[in-house]
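Spelled out, the chains give:
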2 protein chains.
Amino acid sequence: MRALIWDGARARVAEDAPAPAASAGSAVVRVSLAGICSTDLQILEGYMAFKGVLGHEFAGRVEDGPRALVGKRVVGEINFACRRCATCLAGRVRHCPTRLVLGILGADGAFAERVRLPVENLHPVPDEVPDEEAVFTEPAAAAIEASVQSAGFAGGRTAVVGAGKLGLLVAQVLAARGDQVRVVCRSAPARETTLALGLEAVSLRDAPRDNDLVVEATGDPQGLALALELVRPLGAVILKSTVAHHHQLDLAPLVINEVTLIGSRCGDFVPALDAIRTGLIRVRPLIEARYPLAEATRALEHAARPGSRKILLAA
Amino acid sequence: MRALIWDGARARVAEDAPAPAASAGSAVVRVSLAGICSTDLQILEGYMAFKGVLGHEFAGRVEDGPRALVGKRVVGEINFACRRCATCLAGRVRHCPTRLVLGILGADGAFAERVRLPVENLHPVPDEVPDEEAVFTEPAAAAIEASVQSAGFAGGRTAVVGAGKLGLLVAQVLAARGDQVRVVCRSAPARETTLALGLEAVSLRDAPRDNDLVVEATGDPQGLALALELVRPLGAVILKSTVAHHHQLDLAPLVINEVTLIGSRCGDFVPALDAIRTGLIRVRPLIEARYPLAEATRALEHAARPGSRKILLAA
């Protein structure tokens, strides 16, 4: 089958990648659309030392697996957990220590014609949600996780640093729960997208320095230092960016101002699909372009341009 | 008067330092005992760019000020707040943006015969608490703050990294609230002090990697990376160390494991004095040596030796 393969040095579209076969407990999904995430670009920089088929955001149709699922339009949670260990049984399934992660850790991803996932990871997509929107379920879930983790700050003054794909999803969720959200925009296009989503855009110069909550979603190791400048004492910073490079920063302000820094990764798919279905999260203004899978390397280049929004791959 | 003065390049004992005079709202305290904190040593490395009389841990007797206070044995909170601004009125007095901090920021400290503090900052010391114990009120308050900030993890598995003065105070507080506390010890003397306090000591090799809560109190920029290795996914790390040098570390584990990092500085004196009075916090095993103020530079050298416990200065 056709797939985008990263061998640790080069990303290329292969026409002869081995197609996955369904096994006990797993299903094969015919991918219709996949989304390029900043994490994919970080993998090309060495993040997670992953090799294989890239891609963890997708929507598709089950082609092989349990009869009840075959033919269903689905999205899929990216953490493949054992569901038996102490961590899983404590309800922390996304943190299973022996997990594989779709297109990130030990499991071939969704920039391919077909992808295999554990049956438990699949969620049927409501008819009202087209593939172009369903493909955002994974980042929308990650955005909702930021809200879950900062519940104590709901309704407060919130700044989102990084008006990228993920930042604008988080900003929508936090605005919906009643936060006074300001999105810090560094470019005119970022500002435009922010306004198109009904969010408030501010320049870095005009951003208030006394936010109760700051979301760092720049994808840049420098972003955290900036976030720490914008948060008030005893406030919180949600760190969303996973980067291949080391952070070098002065953490004294975190200690002196008794700031809480919250690492935030993946979230629950059920509320995410619901938020997309009801329009609580709007994703269409976040789509920049769509490429056929055959042109996936060109699509990656496009996704890497500063300020680009979501690039989709049609398999 | 006699005082230990740091001029930005050299610490020296002056005999002719100007004695402070009481003014409206402030009192002058005759210092009896002061304690050297790792923060003092960090100031000698450039932390906070402070210049003046060092020292923020002390016990003494009010010599001049409001009549009701004169003659009283006291300890003093180190943050001098305006008590009028939005931050103060929100109850975050220790974070007043225009605050001075005793011996750390804009206010001469307590390594002197006399020190001046705002009247509101002074707390009478119960008769049962001798000066040798009262001088620990400031770090004991900082230790209790760590417990307040991690209330959600009470009763869980806790590791304290850094069996120093502050680490062993925090460990006592967390053990008292029911945490299963293990103190990670790197040296035989640290192990001895830990055991003398009735706490469990472990080597780094034997420390469990699945702690719900980890307290980083090493005073070393490397300590945080170590703490992140010992905490379970969705757990928390309390960062106590303020260091003059930059942290250089990989924060990806914090994001991937969705760890919460909590900056922690100062705490409330009232429960701290009470914890010392009742023996909930034991401080005597933490005393290493006592020097006269005239030998303060020698005392600083002693305090800087790796593994040294609390060095006291008698004014």
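What counts and how
- Residues numbered from 1 in each chain as written.
- Chains lettered and ligands numbered in written order.
- Predicted model: local features only at pLDDT ≥ 70, side-chain atom pairs only at ≥ 80, totals over all residues.
- Heavy atoms only, no water.
- Pairing = 2+ DSSP bridges.
- Helix = DSSP H or I, 4+ residues; strand = E, 2+ residues; numbered from the N terminus.
- Axes fitted to C-alpha atoms, helices over the stretch in contact; angles between N-to-C directions.
- Contact = heavy atoms within 4.5 Å.
- Least-squares fit on C-alpha atoms with pLDDT ≥ 70 in both.
- Buried < 20%, exposed > 50% of the residue type's maximum accessible area, 1.4 Å probe, protein only.
- Buried area = accessible area lost by both parts, 1.4 Å probe.
- Polar contact = N/O pair within 3.5 Å; in protein donor to acceptor, adjacent residues only side chain to side chain.
- Nonpolar A, V, L, I, M, F, W, Y, C, P; charged D, E, K, R; others polar.
- Right-handed = clockwise from strand over helix to strand, strands pointing away.
- Salt bridge = Lys/Arg side-chain N within 4 Å of Asp/Glu carboxyl O.

(A) Inspection of the sheet that holds strand β16 (residues 231-239) of chain B at higher detail. Read from one edge to the other, the open sheet built from twelve strands follows the order β14(A)-β13(A)-β12(A)-β15(A)-β16(A)-β18(A)-β18(B)-β16(B)-β15(B)-β12(B)-β13(B)-β14(B), with strand pairing classed as mixed. Two strands in the sheet have a free side with no partner beyond their single neighbour: β14 (200-202) of chain A together with β14 (200-202) of chain B. Neighbour to neighbour, the strand axes of the sheet diverge by 25° on average, direction disregarded. Here helix α6 (residues 188-196) of chain A sits on the sheet and contacts β13 (180-184) and β14 of chain A; the angle it forms with β14(A), its principal contact strand, is near 160°.

(B) Representation of the relation of the copies chain B and chain A. Placing chain B over chain A gives an RMSD of 0.0 Å and needs a rotation angle of 180°, together with 0.0 Å of translation along the axis. This pairing of chains is accounted for by a two-fold axis. Within chain B, the C-alpha atom positioned nearest to the axis of rotation is that of Q248(B), 2.1 Å from it. Here 100% of the contact residues of chain B are again contact residues in chain A; the copies associate through an equivalent surface.

(C) Region of interest: the environment of M48(B). Of note, M48(B) is situated in the loop between α1 (38-43) and β4 (52-53). We classify M48(B) as partly exposed; its relative accessible area is 31%. For M48(B) and G106(B), which are 58 residues apart along the polypeptide, the C-alpha to C-alpha distance reads 9.9 Å. Non-local contacts of M48(B), meaning those with residues more than four positions away in its chain, are made with I256(A), I104(B) and L105(B).

(D) View of helix α7 (residues 223-230) of chain B. In terms of residue burial, α7(B) counts as a mostly covered element, since six of its eight residues are buried. Of the residues making up α7(B), those classed as buried are G223(B), L224(B), L226(B), A227(B), L228(B) and L230(B).

(E) Looking closely at the interface of chain B and chain A. Contact with chain B, which involves 36 residues of that partner, is made by 36 residues of chain A. Per-residue buried area on chain B facing chain A is highest for V255(B), I256(B) and E258(B); these three make up 20% of the total on that side. The interface formed by chain B and chain A includes eleven residue pairs in polar contact (both at pLDDT 80 or more). Residue classes in the side of chain B that touches chain A are distributed as 17 nonpolar, eleven polar and eight charged. Sheet analysis places strand β17 (residues 247-249) of chain A next to strand β17 (residues 247-249) of chain B, joined by three bridges and oriented antiparallel. Within the sheet, the bridge partner assigned to L249(A) lies in β17(B) and is H247(B).

(F) Inspection of unusual backbone geometry at higher detail. Residue and element names in this part refer to chain A. Even without being a glycine, L234 presents a positive backbone phi close to 65°. Residue placement: L234 occurs in strand β16 (residues 231-239). Judged by its relative accessible area of 31%, L234 is partly exposed.

(G) Region of interest: the sheet that holds β4(B). Residues and elements named next belong to chain B. One open sheet accounts for three strands, arranged β2-β1-β4; its pairing is antiparallel. Single-partner strands in this sheet number two, and they are β2 (11-14) and β4. Note that strand β1 (residues 3-6) and β2 share four bridges and pair antiparallel. Each residue of the ladder has a partner; that of L4, found in β2, is V13. The sheet strands contacting helix α10 (residues 296-304) are β1 and β2, and the helix crosses β2 at an angle near 150°.

(H) Spatial organisation of the side chain of H95(B). In this structure, H95(B) sits in the loop between α2 (86-89) and β8 (100-102). Apart from the residues lying within four places of it in its own chain, the contact partners of H95(B) are P233(A), L234(A), I256(A), N257(A), E258(A), T87(B) and R265(B).

(I) Local environment of the pairing of β1(B). Residues and elements named next belong to chain B. Linking β1 back to β2 in an antiparallel pair, the connection comprises four residues, with G8 at a positive phi of about 100°. Note that β1 and β4 share two bridges and pair antiparallel. Bridge pairing in β4 links W6 to G52.

(J) Quick peek at the environment of D40(A). Residue and element names in this part refer to chain A. Checked against the element boundaries, D40 lands in helix α1 (residues 38-43). The exposure class of D40 is buried, given its relative accessible area of 0%. As a C-alpha pair, D40 and G103 span 63 residues in sequence and 8.3 Å in three-dimensional space. Among residues more than four places away in sequence, those in contact with D40 are G35, G55, H56 and F111.

(K) Molecular detail of the pairing of strand β20 (residues 310-314) of chain A. Residues and elements named next belong to chain A. In terms of burial, β20 is a largely internal element, four of the five residues being buried. Sheet topology places strand β3 (residues 26-36) next to β20; four bridges connect them, and they run antiparallel. From the neighbouring strand, A34 faces β20, where its bridge partner is L313. The pairing of strand β19 (residues 287-292) with β20 spans five bridges and is parallel. Along β20, the bridge assignment pairs A289 with I311. Crossover handedness for the path β19 to helix α10 (residues 296-304) to β20: right-handed.

(L) Representation of the environment of L224(B) in the model. Tracing the backbone through its elements, the reader meets L224(B) in helix α7. The buried category is assigned to L224(B), whose relative accessible area is 1%. Counting along the chain gives 93 residues from L224(B) to D131(B), while the straight-line C-alpha distance between them is 34 Å. Excluding residues that lie within four positions of it along the chain, L224(B) makes contacts with L251(A), E216(B), V237(B), L239(B), H247(B), L249(B) and L261(B).

(M) Focus on the pattern of salt bridges. Under the defined criterion, the tally for this structure stands at 30 salt bridges over all chains. One salt bridge connects R157(A) with D210(A), and the closest N-O pair in it is separated by 2.9 Å. With R157(A) in strand β12 (residues 157-161) and D210(A) in the loop between β14 and β15 (211-216), this pair connects stretches of sequence that are 53 residues apart. Residue classification places R157(A) among the partly exposed positions, given a relative accessible area of 26%. Across the salt bridge formed by E57(B) and K310(B), the nearest N and O atoms sit 2.8 Å from each other. Remark: K310(B) occurs in strand β20 (residues 310-314) and E57(B) occurs in strand β5 (residues 57-64); sequence separation between them is 253 residues.

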